[in-house]
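Reading the structure
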Amino acid sequence: NSAVSVFTCFPGQMWDRVLSKVKKAVVFMDDKCAESLHWNGGATSVFESGARNLKQFSSFESGGENEPKAVFVVSTLLKGRTADIIQDIVGLSHFQYCVVFTTVAHSIHLLANNVTAVLEGNPVFEQFGDKLCEWMGDMNYTAEVMHAPVVFAPVSPQLFLAPTFAHLFPLLPRDLEAINMKRPEKKRFGSLTDVDLHSLTPELQIEIKSLASAVNSMFESTSTREESFALGPMSRLIAGELANHPQAKNRRKTAPNKASIVFIDRTLDLTGAAGHHGDSLVEKILTVLQPLPGHTTDVQVDMLELTNLQRTTDSQPTLAPGCLVQTQSSTARLLWETMLASKQKEAVMEVRRQLVEAASKENLPIKMGLGRVTPEQLCSYIQLFKSNWGALESHCGVIQLGLATAQTLRHPTLPRWDSCLAFERLLLQALGDSDFAGVLRQLLPLMKPRSRLGEEECGPDELLVLLVYLYSLAGEAQPADNEEEEEKVERELIGALTLVITREAELSPLLQKLTGCGSIEELTMERAHTAVEGVFDTLRELSHARDHLKQLNSVYTASDGVHQAMYRPFLRQVLEEIFHPDRPESPDIEHMSGGLTDMLKTGFSMFMKVSRPHPSDHALLFLFLVGGVTPSELRLIREVVSAHKPGTQVLVLSTRLLRPTDVPELLFTTQRLVPDIGV
């Protein structure tokens, strides 16, 4: 569809701006931009554009004596820490020509420097250019500083992620307390829905404005006029920023293309984010394989089976890992899209089909397997390529996806997934039959330290995910007879979970962040207990996230004696509301427009019928999930759209692709009010 293809090209076009400058340069890039590049052609595209080298953005890197040109690509403001690192690199090098690209727009640099006046040109960038010449040691050398919104990673034609904002997450009630503590008593906010942008920390204001600016760049570059809608407090702030964006007013008068964009807070449905009900192969791959260093989405695929190396404890670092992104091969890219959008069974069958097809193209002696796909069968197909270098090279994309699938299906920790799923189903039924204390009680037997060998057993990470799942549904339990019982069970759970954590052989990355301890040796019972108490303070508030909604305020259907109790995905409800044939005006989907026109419309409506914009007005619909989207939600969106309004094209934007264990990290260990903006 041409309407969509304009957008599919957008991230690559932004990277082209950068690539047009890298010829003969040493390129320094921060992790977030590197992750975006990874999904936009990867390092290959940088070298094909003539770069001499690609290095990490770090004070410990520099250019060589015969390397006079540098290009910096950063996702932060050009001040503070970021400026210091650039100064360090330039100081250690022999550059005569520096180009700096930042994903942060000039208008936001003005804001960060407290400039409110409207100024001609890009004075902040020009000043930084002068500094660069100073650091290079000669004011006659060349420096260029510019904005390039290389923010979006096209994970599939239907999904763009923004790795720069991977840690942006809707605020929770405990964040509201922190905001209110700094305000005079009479000016405190009653709820998160009342908080305005100017009451947030400067860091979070910059983060939200940067996100709105990135979305604005996309609409600007594609000549699109958008109507913005929002569900949830954080989404309202972002959509409001976009609606009032200074550059957007002119564009909206003349832009030929039209689209609707609906921003949705992840906190409105944590059940779906923490749950294991998705039946998605990709969710499992992302959960059991290790992430690529510095990345939030892609994972490491072990390539050892393709070599003749023996597996020893230290042979790991010598072999570069494979990954899921295959930008060079269209067959592999289509396979990845199928894996992302299908149920597990279909995905695994397709992986097998593609391996068989690749092997038969190369005339490798393949035995067709029918029936269930097993990891052993996939590996036996992959082994055929081992001795044939040409075949390996031609099909390495499909082979990496095959290895990722096989390694996931036979992974020792995979049985935990099914244990979590079984337990979630049990909890869903229990909610309809007893009060919350009764449901919590069912968790107690799970809270026991793992045996030393227990790779298959659920550990503290899984227990934290289950707690999020359950507490996100707390409002659905039967009314309690007495409150004290609930507190009593909670105290027992806190004690039990503290013990579980202190008995671990080593701390997972999540537990390290949660307790602030790098190793199990540092962890005291007291620190673990404080951390777990903090977790429960946050958990208790999770079920209130939808309190302000009038219609879409539950994601649970109780059992009616015939059907079992069910989880009803919030996204499904929102889409069914949007595509309802009667086009009712939803009290919960709020239209955000650029201020004044709204006032005029309400004034006129006394005399004439003014129809308000509706998200289904246009054939192109963007859903922006603030705080992350799961692979199975992508499938759900596709299913609902094809059932209700097949002509609509839906593009999903989000801050990250979620695995269940990301959810406790975002809830319990993320500085939501003070994101790291590189200053």
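Residues numbered from 1 in each chain as written. Predicted model: local features only at pLDDT ≥ 70, side-chain atom pairs only at ≥ 80, totals over all residues. Heavy atoms only, no water.

1. Some remarks on the overall build of the protein
A tally of regular secondary structure across the protein gives 27 helices and 14 strands. By the compact-globule yardstick of 26 Å for 679 residues, the protein fits well, its C-alpha radius of gyration being 26 Å. Its C-alpha atoms give the protein principal-axis dimensions of roughly 80 × 80 × 55 Å. Burial analysis of the protein (679 residues in total) assigns 55% to the buried set. Long-range pairs, those at least 24 residues apart, make up 77% of the contacts in the protein between residues at least 6 apart in sequence. (Helix = DSSP H or I, 4+ residues; strand = E, 2+ residues; numbered from the N terminus. Rg over C-alpha atoms; globule rule 2.2 N^0.38 Å. Buried < 20%, exposed > 50% of the residue type's maximum accessible area, 1.4 Å probe, protein only. Contact = heavy atoms within 4.5 Å.)

2. A few points about the confidence of the model for the protein
A residue-level look at the protein finds 96% of positions with pLDDT of 70 or above and a mean pLDDT of 92. Every residue in residues 596-601 is under pLDDT 50, and counting partners more than four places away or in other chains gives four contacts. (pLDDT = per-residue confidence, 0-100.)

3. Focus: the environment of Glu492
Among the structural elements, Glu492 can be located in helix H21 (residues 483-502). Residue class for Glu492 comes out partly exposed when judged on its relative accessible area of 34%. Spatially, the C-alpha atoms of Glu492 and Ala480 are 18 Å apart, while their sequence positions differ by 12 residues. The residues touching Glu492, leaving out its near neighbours within four places in the chain, are Arg441 and Leu444.

4. So, the pairing of strand E1 (residues 26-29)
Burial along E1 is two-sided: Val26 and Phe28 and Val27 and Met29, pointing in opposite directions, are all buried. Bridge count for E1 against strand E2 (residues 53-56) is four bridges, and the pairing is parallel. Of the residues in E2, the one forming a bridge with Met29 is Gln56. Pairing between E1 and strand E3 (residues 69-74): four bridges, direction parallel. (Pairing = 2+ DSSP bridges.)

5. Here's the deal with the sheet that holds strand E8 (residues 224-231)
In space, the seven strands of this open sheet follow the order E6-E7-E14-E13-E9-E8-E12, with mixed pairing throughout. Of all strands in the sheet, those with a lone pairing partner are strand E6 (153-156) and strand E12 (590-592), marking the two edges. When the angles between neighbouring strand axes are averaged without regard to direction, this sheet yields 25°. Sheet topology places E8 next to E12; three bridges connect them, and they run antiparallel. (Axes fitted to C-alpha atoms, helices over the stretch in contact; angles between N-to-C directions.)

6. Concerning the packing of aromatic side chains
Throughout the structure, instances matching the rule amount to 13 aromatic pairs. On the numbers, 6.4 Å between centres and 85° between planes, the contact of Phe57 with Phe72 is edge-to-face. Residue Phe57 is found in the loop between E2 and E3, and its partner Phe72 is found in strand E3; the two are separated by 15 residues along the sequence. In this structure, Phe57 and Phe72 share a single accessibility class: buried. Summarising the aromatic geometry, the rings of Phe128 and Trp135 are spaced 5.7 Å apart at their centres and angled 85° between planes, so their arrangement reads as edge-to-face. Look at Phe128 and you get buried, because its relative accessible area is 3%. (Phe/Tyr/Trp six-rings, centres within 6.5 Å; stacked < 30°, edge-to-face > 60°.)

7. Details of the nonpolar core
One recurring pattern in soluble globular proteins: nonpolar side chains tend to sit buried together. With 133 residues, the main nonpolar core has Ile264, Leu497 and Phe536 as its most contacted residues. The greatest single-element share of this core, amounting to nine residues, is contributed by helix H20 (residues 460-471). In this structure Ile264 touches Leu231, Ser235, Phe570, Leu571, Val574, Leu623, Phe624, Leu625 and Val626, once residues within four positions along its chain are discounted. Residues Val22, Val71, Val215 and Phe263 belong to the second largest nonpolar core, which totals 61 residues. (Core = buried A, V, L, I, M, F, W, Y, C linked by side-chain atoms within 4.5 Å.)

8. Quick notes on the packing of helix H4 (residues 80-92) against helix H6 (residues 123-136)
In the contact formed by H4 and H6, the axes pass within 9 Å of each other and the chain directions differ by 30°. When the axis of H4 is compared with that of H6, the two are roughly parallel. Classified by chirality, the crossing of H6 by H4 is right-handed. In this structure, H4 contributes Ala83, Ile86, Gln87 and Val90 to the contact, and H6 contributes Phe128, Leu132, Trp135 and Met136. Each residue belonging to the contact of H4 with H6 can be placed in one class, and the counts come to seven nonpolar, one polar and no charged. (Parallel < 35°, antiparallel > 145°, perpendicular 65-115°, else oblique. Left-handed = near helix turned anticlockwise from the far one by under 90°. Nonpolar A, V, L, I, M, F, W, Y, C, P; charged D, E, K, R; others polar.)

9. Observations concerning the pattern of salt bridges
Tallied over the entire structure, the rule returns 26 salt bridges. Ionic pairing is found between Arg236 and Glu590, a salt bridge with its closest N-O pair at 3.3 Å. Here the residue Arg236 occupies a position in helix H9 (residues 233-243), and Glu590 occupies one in strand E12, the gap between them amounting to 354 residues. In this structure Glu590 comes out as partly exposed when scored by relative accessible area, which is 32%. Here Glu639 and Arg635 are joined by a salt bridge, their closest N and O atoms 3.7 Å apart. Highlighted residues: Glu639 and Arg635, both in helix H26 (residues 631-644), separated by four residues, approximately one helical turn. Residue classification places Glu639 among the partly exposed residues on the basis of a relative accessible area of 38%. Via salt bridges that share partners, Arg441, Glu485, Lys488 and Glu492 belong to a single interconnected network. (Salt bridge = Lys/Arg side-chain N within 4 Å of Asp/Glu carboxyl O.)

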